[in-house]
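Spelled out from the first residue to the last, the chains are:
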Amino acid sequence: MDAASIKQEYQKVFDVAPQSVFFSPGRINLIGEHTDYNGGHVFPCAITLGTFGAASPRTDSTVRLYSANLPKDGMLTFDVNDLDFHKDFGWGNYPKGMLYELAKKGAKFDHGFDLYVHGNLPDGSGLSSSASLELLVGVIAKKLYNLDVEQMDLVYAGQQVENDYIGLNSGIMDQFAIGMGKKDQAMFLDVNTMKYEYYPVDLGDNVVLIMNSNKSHDLASSKYNERRSQCEEALRRIQKGVDVKTLGDLSKEQFDQATYLINDDTLIRRARHAVFENQRTIDAKQALDDHDLKTFGHLVSASHISLQYDYEVSVPELDTLVDTAWDQKGVLGARIIGGGFGGCAIAIVSRDQVDHVQQVVGDTYLKRFGYAADFYVAEIADGTHEVTA
Ligand code: GLA
């Protein structure tokens, strides 16, 4: 899939050539899961798997959307002056929601457009196909309407689409990674301050292997929002005795001493994940600074255990991928990524063992679940941008 083929596909659907072509990546996260809405650190990167979009302005106020990934949905249309959410509008709510949020910030849309999208991010895979689409439409709208907005404004608008329009109380990580990504760089982001630094992904002779369980997740209908409110409740209880603004403000020691304030098994485990995962993320960056890949790998695997037992967002499919990877030679660490409840895991694997790991993990998975997992070696990409003029 590339810009030229997307242009041709657009032409088949809309009869004319598109004005511009854009690409929006997906994302992985090295470590720092469910820390973003808890005021902690994340360490994501944008990847070369993502969503292409071809678009042209129209003279009337109609917006037409076509997705090559959902041909059954056919052409979706709406009027640019009516941007309200409609449940039965399906995937079209993401583009529409993006326009809705931009309009709230003052954008004026004096005409419609035609948009063709085609992505190679497996749906529901935890690689953020929805944030990829949100940022894609943001960058397209910026170009088509000549909007005076920064990339970070589009990042925040994307999160607003999830929070206010779709109803998923997600953090900022996905939209940030996708909007701000840089080739071969991870981003170490402190969500409390929104300060970040680009960090070269130099894993020596190792690669990041993405392991897709092909068990699709839908965060909006999952327990994602419940996890978030559990953390908020734990924080409220801690704040009765400790002066902190977020769970990310707490050290492991401070948290341990505050557990009596929470005094509830489930809430303690949820908050412990948030606090410890944040510290692990800081330690993981330090390990990379020290070229200590062994420690980095252990922290990655510890993150999985915490997500599995304390945060309880893993599923047997992901545990199988991760456990099996752990047992293989050349694997430094492995863990579930993204929101959880399905989707993908990553393994940090020595380049010369990738084929073997893929083989063994794939066979074990197929035997246990009766369908195959998919594997991709991650390539780190630039954030959402126009591909051709
Ligand atoms: C989803 C959300 C992110 C983040 C992750 C978990 O991907 O969109 O904001 O919370 O889950 O780390």
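Overview of the structure. Not measured: the values here are computed from a predicted model.

Scoring rules and cut-offs
- Residues numbered from 1 in each chain as written.
- Predicted model: local features only at pLDDT ≥ 70, side-chain atom pairs only at ≥ 80, totals over all residues.
- Heavy atoms only, no water.
- Helix = DSSP H or I, 4+ residues; strand = E, 2+ residues; numbered from the N terminus.
- Rg over C-alpha atoms; globule rule 2.2 N^0.38 Å.
- Contact = heavy atoms within 4.5 Å.
- Areas by Shrake-Rupley, 256 points an atom, 1.4 Å probe, with all protein chains shown as cover.
- Near = heavy atom within 4 Å.
- Polar contact = N/O pair within 3.5 Å; in protein donor to acceptor, adjacent residues only side chain to side chain.
- 1 Å grid on protein atoms, 1.4 Å probe; cavity = no way out; pocket = protein on both sides within 12 Å on 5 of 7 lines; lining within 4 Å.
- Sits in = over half its atoms within 2 Å of the grid points.
- Nonpolar A, V, L, I, M, F, W, Y, C, P; charged D, E, K, R; others polar.
- Phe/Tyr/Trp six-rings, centres within 6.5 Å; stacked < 30°, edge-to-face > 60°.
- Buried < 20%, exposed > 50% of the residue type's maximum accessible area, 1.4 Å probe, protein only.
- Core = buried A, V, L, I, M, F, W, Y, C linked by side-chain atoms within 4.5 Å.
- Pairing = 2+ DSSP bridges.
- Axes fitted to C-alpha atoms, helices over the stretch in contact; angles between N-to-C directions.

What follows deals with the overall build of the protein chain. A tally of regular secondary structure across the protein chain gives 11 helices and 13 strands. Its C-alpha radius of gyration of 21 Å places the protein chain within 12% of the 21 Å reference for a compact globule of 389 residues. Its C-alpha atoms give the protein chain principal-axis dimensions of roughly 60 × 50 × 40 Å. Within the protein chain, contacts between residues separated by at least 24 positions form 73% of all contacts whose residues are at least 6 apart in sequence. Within the structure as shown, the protein chain displays about 16000 Å² of accessible surface, and the carbon and sulfur contribution to it stands at 46%.

In this section: the site of the ligand. Near the ligand there are 13 residues, and of these Glu 33, His 34, Asp 36, Asp 174 and Tyr 224 occur at the shortest range. Within the contact set of the ligand, an oxygen atom lies 2.9 Å away from a backbone nitrogen or oxygen of Gly 171. Alone, the ligand offers 300 Å² of accessible surface; in the complex the protein occludes 96% of this. The site holding the ligand turns out to be the largest pocket. Each residue belonging to the shell around the ligand can be placed in one class, and the counts come to 4 nonpolar, 5 polar and 4 charged.

Tracing the chain through its elements places Arg 237 in helix 6 (residues 224-238). Residues Arg 237 and Thr 324 lie 87 residues apart in sequence; the distance between their C-alpha atoms is 39 Å. Ignoring anything within four residues of it in the chain, the contact list for Arg 237 reads Leu 261, Ile 262, Asn 263, Asp 264 and Leu 267. A distance of 2.8 Å separates a polar atom in the side chain of Arg 237 from the backbone oxygen of Ile 262.

This part takes up the packing of aromatic side chains. For the coordinates displayed, the defined rule picks out 15 aromatic pairs. A ring pair is formed by Phe 113 and Tyr 145, whose centres lie 6.3 Å apart and whose planes are at 70 degrees; its orientation type is edge-to-face. Residue Phe 113 is found in strand 6 (residues 113-119), and its partner Tyr 145 is found in the loop between helix 3 (129-144) and helix 4 (151-166); the two are separated by 32 residues along the sequence. Tyr 145 gets classed as buried once you look at its relative accessible area, which sits at 9%. Summarising the aromatic geometry, the rings of Tyr 365 and Phe 369 are spaced 4.9 Å apart at their centres and angled 45 degrees between planes, so their arrangement reads as tilted. Residue Tyr 365 and its partner Phe 369 are located together in helix 11 (residues 354-369), separated by 4 residues, close to a single helical turn. Assessed through its relative accessible area of 23%, Phe 369 is described here as partly exposed. Among the aromatic side chains, those forming a connected cluster through ring pairs are Phe 43, Phe 188 and Tyr 199.

Before going further, it helps to examine the nonpolar core. One finds Leu 65, Leu 99, Leu 102, Phe 109, Leu 115, Tyr 145 and Phe 176 to be the most contacted residues of the largest nonpolar core, which totals 47 residues. If you list the elements that add at least two residues to this core, you get strand 4 (62-67), strand 5 (76-79), helix 2 (93-104), strand 6, helix 3, helix 4, helix 5 (173-180) and strand 7 (185-190). Looking at which element gives the most residues to this core, the answer is helix 3, with 9 residues. Ignoring sequence-local partners within four residues, the contact set of Leu 102 consists of Ala 107, Phe 109, Gly 138, Ala 141, Leu 147, Leu 154 and Ala 157. Grouped together as the second largest cluster of nonpolar side chains are 42 residues, Val 207, Ala 345, Val 361 and Ala 373 included.

Right, let's get into the sheet that holds strand 8 (residues 195-200). Pairing in this open sheet of 3 strands is antiparallel, and the strands run 2-7-8 from one edge to the other. Where the open sheet ends on each side, the last strands, each with one partner, are strand 2 (41-42) and strand 8. By the bridge criterion, 2 bridges tie strand 2 to strand 7 in an arrangement that is antiparallel. Across the sheet, Val 42 pairs through a bridge with Leu 189, a residue of strand 7. This element, helix 5, spans strand 2, strand 7 and strand 8 of the sheet and lies at about 140 degrees to strand 7.

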